[in-house]
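# Survey of secondary and tertiary structure
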Amino acid sequence: PLFALHLRSRMRPSPKEGRVRYVDKCKNSARTLASRRALLIGALAQPLLVTRDTLPHAAALAAAAPAPLRDVNSLRDVVQSTLAVADDGRTPLELALRPSYSIETRDVLYPEWFVGRWKVKSTLCQVLAPAGDFFFSPGRNGTAALRRARLEMSAPPLEYECRWRREPDGSVVVDRGYNVASISKAALGARAVQDVAEDGADHVTLVIAPGGAPKGLLYRCDLRVVARHSEATGEATCAAASARCRFDCAETVRQTITVVPGEAVSVGTQPPAVKEVETICLYESRPDGSINGYQRTSTFLVPDAAYTAESPLVEQQAARMLRARDGRMVATDVRTYMLEYTRA
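Residues numbered from 1 in each chain as written. Predicted model: local features only at pLDDT ≥ 70, side-chain atom pairs only at ≥ 80, totals over all residues. Heavy atoms only, no water.

### Details of the environment of Leu128
When you line up the elements, Leu128 lands in strand β1 (residues 116–128). Along the sequence, Leu128 and Val334 sit 206 residues apart, while their C-alpha atoms lie 5.1 Å from each other. Discounting residues that sit within four places of it in the chain, Leu128 has contacts with Thr82, Val85, Ala86, Asp87, Thr91, Phe136, Arg150, Thr332, Asp333 and Val334. (Helix = DSSP H or I, 4+ residues; strand = E, 2+ residues; numbered from the N terminus. Contact = heavy atoms within 4.5 Å.)

Right, dumping it as structure tokens:
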């Protein structure tokens with residue numbers, strides 16, 4: 001649930017208003033269907049085109065004084081405020097900043113009502129470009145990339161399985177390796193996952209061969225958690241079976257994608273694609289035992305020299321420009337999904 005490889009975030013509505021607005025955004029989209037798989041393969045394989053342009057939107061973001069919303073309001077407030085932003089509107093800076101929390105717990109510890117195996121439907125409802133169209137896909141045609149991403153809102157839901165397990169100490173945690181593989185297979189093809197390894201709660205690696213990609217072409221995806229935060233209120237532990245329980249959490253993952261060298265296919269040397277993706281998940285249980293969820297992903301470029309020294313010049317320049325006055329990075333791509341969980 002907290003894996004975001006992009007296999008697929010002014011006025012704060014009340015929780016009820018937020019749910020209605022969210023469903024309306026899901027149902028009112030009537031755009032042309034686009035293939036998730038083709039878009040993902042294109043994003044992995046397309047070379048960057050170095051261009052020069054004037055970037056007034058980025059300059060305005062950098063000059064703006066950051067608002068304290070991210071630090072003082074709840075994860076639920078952040079998602080509901082994001083849903084109030086029109087697709088063609090300006091995203092408030094406080095909704096686009098890289099989170100300031102660090103790894104606060106050894107893992108996300110979920111309530112008892114998560115334990116088990118679930119069937120999931122994930123529907124994309126919103127795509128925003130907080131830093132402007134140009135930065136939505138640095139070095140490529142950002143306007144076209146944003147348009148293609150929004151076409152996915154009319155695609156059928158992505159369907160996959162996920163599960164939560166109980167640890168020896170009794171705590172409930174997500175089965176990361178299983179879920180990463182499940183989401184990857186649903187998005188990239190049933191045979192896409194060649195290998196997956198889980199190294200504790202903070203690190204997962206997988207090797208994928210996306211369906212439709214050149215035969216023998218493999219990618220290694222390294223996913224490392226760099227920040228984790230959860231908000232468990234009294235609503236997380238509900239005594240009554242008919243009660244609606246809530247649980248909210250967030251993680252930021254540093255995602256590094258590299259081409260795996262091999263003899264089966266000849267590719268030129270390519271720098272790793274490095275991004276950080278914050279995923280906020282809001283969960284609410286239902287009397288029938290199902291769970292409804294909202295998910296917001298925010299993608300950030302990574303300015304660290306150790307990681308971007310080999311990145312294309314245009315991406316290094318973009319990473320330096322996309323900073324607010326307090327030094328935090330500004331998201332290039334924010335997406336919101338509706339999730340539906342039913343027992344498998």
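The discussion continues.
### Focus: the side chain of Glu231
One can find Glu231 in strand β6 (residues 219–231). The charged side chain of Glu231 is buried without a salt bridge, its nearest counter-charge being Arg76 at 7.1 Å. A polar contact is formed between the side chain of Glu231 and the backbone nitrogen of Leu75, at a distance of 3.1 Å. Here the side chain of Glu231 touches His229 through a polar contact of 3.0 Å, side chain to side chain. Beyond its immediate sequence surroundings of up to four residues, Glu231 is in contact with Asn73, Ser74, Leu75, Phe247 and Asp248. (Buried < 20%, exposed > 50% of the residue type's maximum accessible area, 1.4 Å probe, protein only. Lys, Arg positive; Asp, Glu negative; His and termini not counted. Salt bridge = Lys/Arg side-chain N within 4 Å of Asp/Glu carboxyl O. Polar contact = N/O pair within 3.5 Å; in protein donor to acceptor, adjacent residues only side chain to side chain.)

### A word on the nonpolar core
Within the largest apolar cluster, 46 residues are counted, with the highest numbers of intra-cluster contacts made by Tyr110, Phe114, Trp164, Phe247, Tyr283 and Tyr341. Looking at which element gives the most residues to this core, the answer is helix α8 (residues 176–188), with five residues. Judged by nonpolar contacts, the second largest core, of 29 residues, contains Leu128, Phe134, Phe135 and Phe300. (Core = buried A, V, L, I, M, F, W, Y, C linked by side-chain atoms within 4.5 Å.)

### A closer look at the environment of Gly212
Mapped onto the elements of the fold, Gly212 is located in the loop between β5 (203–208) and β6. With a relative accessible area of 75%, Gly212 lands in the exposed category. It is 8.6 Å that separates the C-alpha atoms of Gly212 and Leu188, two residues lying 24 residues apart in sequence.

### Description of the side chain of Arg176
Structurally, the position occupied by Arg176 is in helix α8. When neighbours within four sequence positions are excluded, Arg176 is seen to be in contact with Asp107, Val108, Arg165, Glu198, Ala201, Val204, Val225, Arg228 and Glu251.

### What to know about the sheet that holds strand β7 (residues 246–259)
Taken in spatial order, the 10 strands line up as β3-β2-β1-β10-β9-β8-β7-β6-β5-β4 in an open sheet, and their pairing is antiparallel. Of all the strands in the sheet, the pair left with one neighbour each is β3 (172–174) and β4 (193–198). On average, each strand axis in the sheet is inclined to that of its neighbour by 25°, with strand direction left out of account. In this structure, β1 lies alongside strand β2 (residues 158–166), joined through seven bridges in antiparallel fashion. When the sheet's bridge partners are listed, Trp118 is paired in β2 with Cys162. Running at roughly 175° to β2, α8 makes contact with β1, β2, β3, β4, β5, β6 and β7 of the sheet. (Pairing = 2+ DSSP bridges. Axes fitted to C-alpha atoms, helices over the stretch in contact; angles between N-to-C directions.)

### Some thoughts on the packing of aromatic side chains
Inspection of the entire model under this criterion finds 13 aromatic pairs. Between Trp164 and Tyr341 the ring centres are 5.9 Å apart and the planes differ by 55°, which places this aromatic pair in the tilted class. Taken together, the positions of Trp164 in strand β2 and Tyr341 in strand β10 (residues 333–343) put the pair 177 residues apart, joining distant regions of the chain. One aromatic cluster is present, formed by Tyr110, Trp113, Phe114, Trp118, Trp164, Phe247, Tyr283 and Tyr341 through successive ring pairs. (Phe/Tyr/Trp six-rings, centres within 6.5 Å; stacked < 30°, edge-to-face > 60°.)

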